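Observations on chain architecture
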Amino acid sequence: MPDRPDTAGVPDEVAALRAENGRLREANERLRVLLEDKDAKIADLEKRLARVERLLSRNSGNSGMPPGTDDLPGKTPPAPKPGRGGGRKPGKQRGAPGAHLEWNEHPDDTRDVFPAGDCACGADLSGAADLGVRYSHQVTDLPEATAATVQYDRHEVECGCGRRHVADPPPEAPGAPGTVTYGLNFQAWCVFLMVMHHVPVERCANILESMSGVRPSDGWVHGLLGRAAKAVAAANKTIRALIILARVICGDETPLRAGPGPKSAKKKYLQVACTSLLTCYFLGDRDLPSFRNFIYSDLHGSVIVHDRYQNYDAFGEVSHQLCCQHLLRDLKDAAESYPDAIWPGQVADALRGLIHQANLARDQGLASVPDEATAEHLRLFRNGVSVGLSQVRRIPGGTKVKQPPARMLLECLRDRQADVLRFLTDTAIPPTSNQAERDVRPAKTQQKISGRLRSEETTRDRYAIRGYASTAIKHGHQVFTAIRDALAGNPWIPPIPADA
């Protein structure tokens, strides 16, 4: 008989194989779950890496970040700007107005200088005949800053009717009789240094000591901020009212470390509303209630030039001009994110061309930009936006899905074209909010110099004085004189325009 395979124990082997197969399936399932988890972690890490790379690529050339952050470790510096065209040398150009000391026809003092010594003949020149002035020189200099104590004696007089009268104290001596106070110039110097040049209190007292030989106490110097803020309150009310009445204003906001706490504590936000002649500050938060508490709830029919922050859109009785400088930086960021795309450069060049035409029309005294000057630029602008929208698609998934920044920019250029190009319809509307950015820049300078401001109340005082001083400067007034006049009880008030 043929040999048959030995089948003894086969059921046991099948059972063992089945058990091993089950264990392998379980192990495979665990590995699959681990792989899925690993893939999810890798995808998350890739997103985080892309976000980090994007943050590192942000600089002053492609975002709203200040130039002072361009040299931080790991940051990608902006591309160098193109060189000057036409071989123009740096410095003053031929025909441009220069800065120099002009001859003063009415000098404050005149001093005669005569030759001294002996003539070659041996005669003393002090007895020589005066033939008149041969040459003249003028020197403009500062007087030596030395503190001088002046005593004001307030006399009492008796009228013929028998009534007695005592002289009122002068503005320079507001203190009680028998006391010694610092004068208005001393006070104005302290406020000027602290507010306009961001000098800390202790250093300000040291500077006054080195200038005058007298050192005021730190507490007295610090208290001048509150005193000066009250002195300019009436002027600031007028400034605020004039800004509300203005047809076009620029707005901006910047974070500011103010109040007690470490650097990591919650930041405040300094808001500014301004024109070429007015500056008004407000310290609050970046939320909508702070915007309402500032000036925006009181605006009716005004045009606000701003940086597309969403809170500006909450006020329905105003028009908007989106800052084109911010848009150009965002377009540069899009060009770096999509290096092979043509549309970012085309839209940016068209927008620059439109701004140039608006500048030319303003210089010519035109109320709006002629259509024939903008037709080609508008065509390139709109075509570039359309091409960009076709290339940068929305990510599906609803409103909760974060869309690419370039997509959001393109949708803004498409859906808010009237707000982007409003400056073409009225040359009084600036295409950028550069004026507001210039007015908030001192806050960043102060923060770099002295860091956190420890009191919110004193910070408000600082920017009340700063808004008053900035407005005075815009009107061509000397800021030191404006501060001194305010401390003397006679603050400078901005004039009310005839069309207000």
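Residues numbered from 1 in each chain as written. Predicted model: local features only at pLDDT ≥ 70, side-chain atom pairs only at ≥ 80, totals over all residues. Heavy atoms only, no water.

1. Things to note about the overall build of the protein chain
Scanning the protein chain for helices and strands turns up 14 helices and 7 strands. Its C-alpha atoms give the protein chain a radius of gyration of 36 Å, clearly above 23 Å, the size a compact globule of 500 residues would have. The C-alpha extent of the protein chain, read off along each of the three principal axes, is 160 × 65 × 60 Å. Residue burial in the protein chain is summarised as follows: out of 500 residues, 35% are buried. Long-range contacts, defined here as pairs at least 24 residues apart, represent 60% of the contacts in the protein chain between residues at least 6 apart. On the protein chain, roughly 31,900 Å² of surface is accessible, and the fraction owed to carbon and sulfur atoms is 54%. Side chains of the protein chain carry 65 positive and 61 negative charges; the gap between the two charge centres is 5 Å. (Helix = DSSP H or I, 4+ residues; strand = E, 2+ residues; numbered from the N terminus. Rg over C-alpha atoms; globule rule 2.2 N^0.38 Å. Buried < 20%, exposed > 50% of the residue type's maximum accessible area, 1.4 Å probe, protein only. Contact = heavy atoms within 4.5 Å. Areas by Shrake-Rupley, 256 points an atom, 1.4 Å probe, with all protein chains shown as cover. Lys, Arg positive; Asp, Glu negative; His and termini not counted. Charge placed at Lys NZ, Arg CZ, Asp CG, Glu CD.)

2. Some points on empty space enclosed by the protein
To find the voids left in a structure, one rolls a probe of water-molecule size over its atoms. Under the definition given, this model contains 1 cavity of 30 Å³ or more. Its boundaries defined by the atoms lining it, the largest cavity holds a volume of some 60 Å³. Along its surface, the largest cavity is lined by M194, V195, H198, P442, Q446, R462, Y463 and R466. Tallying contributions element by element places helix α13 (residues 456-474) first for the lining of the largest cavity, with 3 residues. (1 Å grid on protein atoms, 1.4 Å probe; cavity = no way out; pocket = protein on both sides within 12 Å on 5 of 7 lines; lining within 4 Å. Points joined across faces, edges and corners; volume = space filled by probe spheres on them.)

3. Describing the state of the cysteines
Two cysteines whose sulfur atoms are joined by a covalent bond form what is called a disulfide. Using the criterion set out here, one finds 0 disulfides in the structure. Not engaged in a disulfide, the cysteine C190 finds its nearest cysteine sulfur in C204; these two sulfurs lie 4.2 Å apart. Residue class for C190 comes out buried when judged on its relative accessible area of 0%. C280 forms no disulfide, and the closest cysteine sulfur to it belongs to C274, at a distance of 9.9 Å. Using a relative accessible area of 11% as the deciding quantity, one classes C280 as buried. (Disulfide = S-S within 2.5 Å.)

4. As for helix α12 (residues 434-450)
Along its 17 residues, α12 runs 25 Å from first to last C-alpha, staying within 8% of the 24 Å computed at 1.5 Å per residue. Of all the bends in α12, the greatest, near 30°, is centred on V440, and the proline P442 appears no more than four residues after it. Along α12, the positions that sit buried rather than exposed are Q435, A436, E437, D439, V440, P442, A443, Q446 and Q447. Residues of α12 that are buried in the fold lie against β3 (248-256), β4 (268-274), β5 (279-284), α7 (324-337) and α13. In the segment just after α12, G451 is the residue with positive phi, at about 75°. (Expected span 1.5 Å × (residues − 1). Bend = angle between axes of the 7 residues up to and from the residue.)

5. Quick look at the packing of helix α4 (residues 218-231) against α13
Packing of α4 against α13 leaves a shortest axis separation of 8 Å and a crossing angle of 55°. Viewed along their axes, α4 and α13 adopt a mutual orientation that is oblique. Crossing geometry of α4 relative to α13 is assigned as left-handed. From α4, H222, L225, G226, A228 and A229 reach across to α13, where they touch T458, D461, R462, A464 and I465. Residues belonging to the contact of α4 with α13 are distributed by class as follows: 5 nonpolar, 3 polar and 2 charged. (Axes fitted to C-alpha atoms, helices over the stretch in contact; angles between N-to-C directions. Parallel < 35°, antiparallel > 145°, perpendicular 65-115°, else oblique. Left-handed = near helix turned anticlockwise from the far one by under 90°. Nonpolar A, V, L, I, M, F, W, Y, C, P; charged D, E, K, R; others polar.)

6. Side note on helix α8 (residues 343-363)
Given 3.6 residues per turn, any residue in an α-helix points the same way as the ones three and four places further on. In this model, α8 (21 residues) spans 30 Å end to end at C-alpha, consistent with the 30 Å of a helix rising 1.5 Å per residue. Among all positions of α8, only W343, P344, V347, A348, A350, L351, G353, L354, I355, Q357, A358 and A361 are buried. On its buried face, α8 is in contact with α7, α9 (371-391), α10 (405-415) and α11 (417-420). In the stretch just after α8, G365 is the one whose phi turns positive, near 80°.

7. As for the side chain of Q403
Here Q403 shows up in the loop between α9 and α10. For Q403, a relative accessible area of 8% puts it in the buried group. At 2.6 Å, the side chain of Q403 forms a polar contact with the backbone nitrogen of I395. When near neighbours in sequence (up to four residues on either side) are disregarded, Q403 contacts R394, I395, G398 and M408. (Polar contact = N/O pair within 3.5 Å; in protein donor to acceptor, adjacent residues only side chain to side chain.)

8. Re the pattern of salt bridges
Under the counting rule described, the total for this entry stands at 24 salt bridges. Across the pair E253 and R286 runs a salt bridge, and its minimum N-O distance is 3.2 Å. Of this pair, E253 sits in strand β3 while R286 is found in the loop between β5 and α6 (288-293), placing the two residues 33 residues apart along the sequence. A salt bridge links R422 to D419, with the shortest nitrogen-to-oxygen separation between them at 2.5 Å. A relative accessible area of 21% places R422 in the partly exposed class. A relative accessible area of 12% places D419 in the buried class. It is possible to trace a salt-bridge network through shared partners that takes in K268, D285, E456 and R460. (Salt bridge = Lys/Arg side-chain N within 4 Å of Asp/Glu carboxyl O.)

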